[in-house]
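Commentary on secondary and tertiary structure
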Amino acid sequence: MNIFKSAWNNHCPRCREGKIFTEPLVISDPLNMPENCSVCGQRTNPEPGFYYGSMFLSYILSGFFLLGTALLLVFYFGWTANQAMVFVLFLAAVIYLKILRVSRSIWIHVVVKYDPEATQVK
Ligand SMILES: [Zn+2]
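All values reported here derive from a predicted model rather than from experimental measurement.

Of the protein atoms, only Cys 12 (SG), Cys 15 (SG), Cys 37 (SG) and Cys 40 (SG) coordinate the zinc ion, at distances of 2.2 to 2.3 Å. For the zinc ion, the four donor atoms in the first shell make angles of 106 to 114° at the metal, a pattern classed as tetrahedral. Coordination of the zinc ion draws on donor residues from a single chain, spaced C-x2-C-x21-C-x2-C in sequence. A residue pair is termed long-range when its members are at least 10 positions apart, and Cys 15 in the loop between helix 1 (3-8) and helix 2 (52-75) and Cys 37 in the loop between helix 1 and helix 2 qualify at 22 residues. Overall, the relative accessible area of 5% leaves Cys 37 in the buried class.

What follows covers helix 2. Taking 1.5 Å of rise per residue, the 24 residues of helix 2 would be expected to cover 34 Å, and the 35 Å separating its terminal C-alpha atoms lies within 8% of that figure. Those residues of helix 2 that fall on the buried side of the exposure criterion are Gly 53, Ser 54, Ser 58, Leu 66, Thr 69, Ala 70 and Leu 73. Tucked inside the fold, the buried residues of helix 2 contact helix 3 (81-111).

A few words on the packing of helix 2 against helix 3. The geometry of helix 2 relative to helix 3 is characterised by a closest axis approach of 8 Å and an angle of 150° between their N-to-C directions. Relative to helix 3, the element helix 2 lies roughly antiparallel. Crossing angle aside, the handedness with which helix 2 passes helix 3 is right-handed. Of the residues belonging to the contact of helix 2 with helix 3, the class tally is 18 nonpolar, six polar and one charged.

With that settled, consider the nonpolar core. Cys 12, Cys 15, Ile 20, Phe 21, Met 33, Cys 37, Cys 40, Phe 50, Tyr 51, Ile 108, Val 112 and Ala 118 form the largest nonpolar core, which has 12 residues in total. Apart from the residues lying within four places of it in its own chain, the contact partners of Ala 118 are Arg 14, Cys 15 and Cys 40. Ala 70, Leu 91, Ile 95 and Ile 99 belong to the second largest nonpolar core, which has six residues in total.

With that out of the way, let us pick up the packing of aromatic side chains. Evaluated as defined, the whole model comprises four aromatic pairs. Measuring from ring centre to ring centre gives 5.9 Å for Tyr 52 and Phe 56, while their planes differ by 75°; the resulting arrangement is edge-to-face. Of the two residues, Tyr 52 and Phe 56 are both situated in helix 2; the distance of four residues between them amounts to about one turn of the helix. The class for Tyr 52 is exposed, based on a relative accessible area of 55%. Summarising the aromatic geometry, the rings of Trp 79 and Phe 87 are spaced 5.7 Å apart at their centres and angled 75° between planes, so their arrangement reads as edge-to-face. Note that Arg 16 overlies the ring of Tyr 114, its terminal NZ or CZ placed 3.9 Å from the centroid.

Reading the values: rules and limits
Residues numbered from 1 in each chain as written. Predicted model: local features only at pLDDT ≥ 70, side-chain atom pairs only at ≥ 80, totals over all residues. Heavy atoms only, no water. Donors = N, O, S within 2.8 Å, 3.2 Å for Na, K, Ca; no water. Tetrahedral: all angles 85-135°; square planar, octahedral: opposite > 155°, others 65-115°. Helix = DSSP H or I, 4+ residues; strand = E, 2+ residues; numbered from the N terminus. Buried < 20%, exposed > 50% of the residue type's maximum accessible area, 1.4 Å probe, protein only. Expected span 1.5 Å × (residues − 1). Contact = heavy atoms within 4.5 Å. Axes fitted to C-alpha atoms, helices over the stretch in contact; angles between N-to-C directions. Parallel < 35°, antiparallel > 145°, perpendicular 65-115°, else oblique. Left-handed = near helix turned anticlockwise from the far one by under 90°. Nonpolar A, V, L, I, M, F, W, Y, C, P; charged D, E, K, R; others polar. Core = buried A, V, L, I, M, F, W, Y, C linked by side-chain atoms within 4.5 Å. Phe/Tyr/Trp six-rings, centres within 6.5 Å; stacked < 30°, edge-to-face > 60°. Lys NZ or Arg CZ within 6 Å of the ring centre and 35° of its normal.

Any functional reading would require information that these geometric values do not contain.
What follows is the structure, encoded as structure tokens:
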């Protein structure tokens, strides 16, 4: 599995098989992570405050995605600014949880190296 697919699907960055979030998702606690990866034992929270930076990542991801969508709707499809704003707010609500989790996932994928043998060690 390549790093993009692994990060998008919230897999463990070390073995790329285990999951870094508790599933199924509970709406009241969307960031609940198990202590360690169930396959290779990689810690999902390597140090206190580790995911602080992923907040900026989620801001950048959602900002550019929603801005791009709004600009496309207004200048390519000829929507009014108000129509585009309503759609973008709706879209933001729909993608909120995905962006939230995927930004944490990308963050840990940047820091933790892939180790193909991690699955066999256990
Ligand atoms: Zn793992």
